[in-house]
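Read off the chains here:
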Amino acid sequence: LPPSEIGKLAVYARRSGDVWFLAVIGGVDAQTIQVPLTFLGAGTYQSTLIRDSGDGPDAEQIERPMLHRDDTLTINLRSGGGFIGRFTKK
């Protein structure tokens, strides 16, 4: 998915039934990206988001917001960081 860039950032979205998964693998440089959730179908999705935390190199934070296809995620990646999200249709 955009904003993927070879050698710098990989963004993947995959679906299994009504459940979507989003994975982001960062490169050497810390960066902030925005990922539109337009790949989701219509309706509301219960999500579980696991993202880098600023509390240390191995720290992460977990969030569980309700999201829709018109939402955009802002993802802050530390150097070599990543993100994973699971979106289940309600």
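Predicted, not measured: the structure shown is a model, and the values here were computed from it.

Take the overall build of the chain next. A tally of regular secondary structure across the chain gives 0 helices and 8 strands. Mapped from its N terminus to its C terminus, the chain presents α and β elements in the order β-β-β-β-β-β-β-β. At 13 Å, the chain has a C-alpha radius of gyration in line with the 12 Å of a compact globule built from 90 residues. By residue count, 33% of the 90 residues in the chain fall in the buried class. Of the contacts formed within the chain by residues at least 6 apart in sequence, a portion of 58% connects residues at least 24 apart. Just so you have it, the chain exposes about 5400 Å², and 51% of that area is on carbon and sulfur atoms. Of the charged side chains in the chain, 10 are positive and 10 negative, and the gap between their average positions amounts to 9 Å.

Here we take up the environment of T48. Relative to the elements of secondary structure, T48 occurs in strand β4 (residues 45-52). The class of T48 is partly exposed, set by a relative accessible area of 27%. Placed 17 residues apart in sequence, T48 and P65 show a C-alpha to C-alpha distance of 7.1 Å. Those residues in contact with T48 that lie beyond four places of it in its chain are I62, E63, R64, I84, G85 and R86.

Let us look at a nonpolar patch on the surface. A grouping of I50, I62 and I84 is seen on the molecular surface, where their side chains present a nonpolar patch of about 230 Å² in accessible area. By relative accessible area, which is 32% here, I50 ends up partly exposed.

For the rest of this paragraph, the subject is the nonpolar core. For soluble globular proteins, the rule of thumb is that nonpolar side chains tend to be buried together. With 19 residues, the main nonpolar core has L22, L73 and F87 as its most contacted residues. Elements with a contribution of two residues or more to this core: β1 (9-16), β2 (19-26), β3 (31-36), β4, β7 (72-77) and β8 (82-89).

Inspection of the secondary structure puts G85 in strand β8. Between the C-alpha atoms of G85 and T48, which are 37 residues apart in sequence, the distance is 5.6 Å. Look past the residues within four positions of G85 in its chain and what remains in contact with it is W20, F21, L22, T48 and L49.

Turning to the pattern of salt bridges, a few remarks are in order. When the charged atoms of two side chains with opposite charge come close together, those side chains can pair. Overall, the coordinates contain 3 salt bridges when judged by the stated rule. Note that K8 and E5 form a salt bridge whose closest N and O atoms lie 3.6 Å from each other. Given the relative accessible area of 42%, E5 is considered partly exposed. Taking the shortest distance from any N to any O, the salt bridge between E63 and R51 comes out at 3.0 Å. Here R51 lies in strand β4 and E63 lies in strand β5 (residues 60-63), a separation of 12 residues in the sequence.

Rules behind the numbers
- Residues numbered from 1 in each chain as written.
- Predicted model: local features only at pLDDT ≥ 70, side-chain atom pairs only at ≥ 80, totals over all residues.
- Heavy atoms only, no water.
- Helix = DSSP H or I, 4+ residues; strand = E, 2+ residues; numbered from the N terminus.
- Rg over C-alpha atoms; globule rule 2.2 N^0.38 Å.
- Buried < 20%, exposed > 50% of the residue type's maximum accessible area, 1.4 Å probe, protein only.
- Contact = heavy atoms within 4.5 Å.
- Areas by Shrake-Rupley, 256 points an atom, 1.4 Å probe, with all protein chains shown as cover.
- Lys, Arg positive; Asp, Glu negative; His and termini not counted.
- Charge placed at Lys NZ, Arg CZ, Asp CG, Glu CD.
- Patch = residues over 30% accessible without salt bridge, like charges linked within 9 Å, V, L, I, M, F, W, Y side chains within 5 Å.
- Salt bridge = Lys/Arg side-chain N within 4 Å of Asp/Glu carboxyl O.
- Core = buried A, V, L, I, M, F, W, Y, C linked by side-chain atoms within 4.5 Å.

Scope: geometric values only; no functional claims are made or implied.
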